[in-house]
Amino acid sequence: MILVNGQPAHTLPVEDRGLQYGDGLFETLRIHHGSPVCWERHRTRLAAGCRRLGIPLPGPDLLDAEISRVCAGVDAGVLKLILTRGPGPRGYAPPKGAQPTRILQVAPAPRHPDAWSREGVAVRLCTTRLARNPRLAGIKHLNRLEQVLARSEWDDEVQEGIMRDTEGQVVEGVMSNLFLVFGDGLRTPDLQHCGVAGITRARVMELADRRGIPCRVGAISEADLWRADGLFLTNTLVGIWPVSCLAGKTRPVPPLVGHLREALGLTEGGCRA
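A short tour of the structure in this document, coming up. (Residues numbered from 1 in each chain as written. Predicted model: local features only at pLDDT ≥ 70, side-chain atom pairs only at ≥ 80, totals over all residues. Heavy atoms only, no water.)

### Describing the environment of Val106
Filter applied, for reference: Working definition: helices are DSSP H or I runs of at least four residues, strands are E runs of at least two. Numbering for both runs from the N terminus. When accessible area is computed with a 1.4 Å probe and restricted to protein chains, residues below 20% of their type maximum are described as buried, those above 50% as exposed, and intermediate ones as partly exposed. Contact criterion: two residues are considered in contact whenever any of their non-hydrogen atoms come within 4.5 Å of each other.
With respect to the helices and strands, the residue Val106 is situated in strand β6 (residues 101-108). Using a relative accessible area of 18% as the deciding quantity, one classes Val106 as buried. Through-space distance from the C-alpha of Val106 to that of Ile2 is 6.6 Å; in sequence the pair is 104 residues apart. The residues contacting Val106, other than those within four sequence positions of it, are Met1, Ile31, Val70, Val74, Val78 and Leu79.

### Comments concerning the pattern of salt bridges
For clarity, the cut-off: Any carboxyl oxygen of Asp or Glu within 4 Å of a side-chain nitrogen of Lys or Arg constitutes a salt bridge here.
Overall, the coordinates contain 13 salt bridges when judged by the stated rule. For Asp23, the salt bridge is made with Arg85, and the minimal N-O distance between the two is 2.6 Å. In this pair, Asp23 is assigned in the loop between α1 (17-21) and β3 (24-32) and Arg85 in the loop between β5 (76-84) and β6, connecting sequence segments 62 residues apart. With respect to burial, Asp23 and Arg85 carry one shared label: buried. As a salt-bridge pair, Glu153 and Arg124 come within 3.3 Å of each other at their nearest N and O atoms. Of this pair, Glu153 sits in the loop between α5 (145-151) and β8 (160-165) while Arg124 sits in strand β7 (residues 121-130), placing them 29 residues apart in sequence. Where salt bridges share partners, they join Arg17, Asp23 and Arg85 into one cluster.

Shape descriptors only; they carry no functional weight alone.
Here it is in structure tokens:
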């Protein structure tokens, strides 16, 4: 099902600024037994993005009602929520009194081999770089051309790519966040310049804090990827994927990765709660 401003539809006005300029935000949620998983966390990030871009956030009751409508009866699936600034005249200047466009789309849940969650995935280093822009860092804005170009670098020989920024610092995966394991502790890239502050990333960091597992946020170099005792990726739809192969070279999967998956209640396919 697809709803556009609460009505079944498959089209947008050509004047919509999401289409014209990528002027908007999105959230991707896992649907489990008819409910969106971690919706309050996604709502919080969406609200932060709206404040950053100056887009009015629809009322919570409206979003809740539309989400309940599209998720009803869906045992397992994916909800994509897109919020654009809405239609506007030609030109970059945001229109006064913008009327945001709401798009809710449900799709089948992705199917991945269970072994990817248990044993790990193959990952490459992408040549496409992420531009630094602190004003857009962390939020899920609609400008995803860097990820599109990065994903076009491979077909099916690997499952994910790691992206660096224009200064050479490691930032994240094309569709995921990245953690490095050093002994009994974790490191994850600082996202103050670019990248997406993922929901599962936040959950891992909170769990580490509760369990007394050191988790340092900071600059990560390519050399750090090879010095680490292990790597893993996080994403709302896949949960945690250990990295078993980086750039064609086998990497170990530390037991800590499995412990984190179990502690977070992650199924083979992603986030359960």
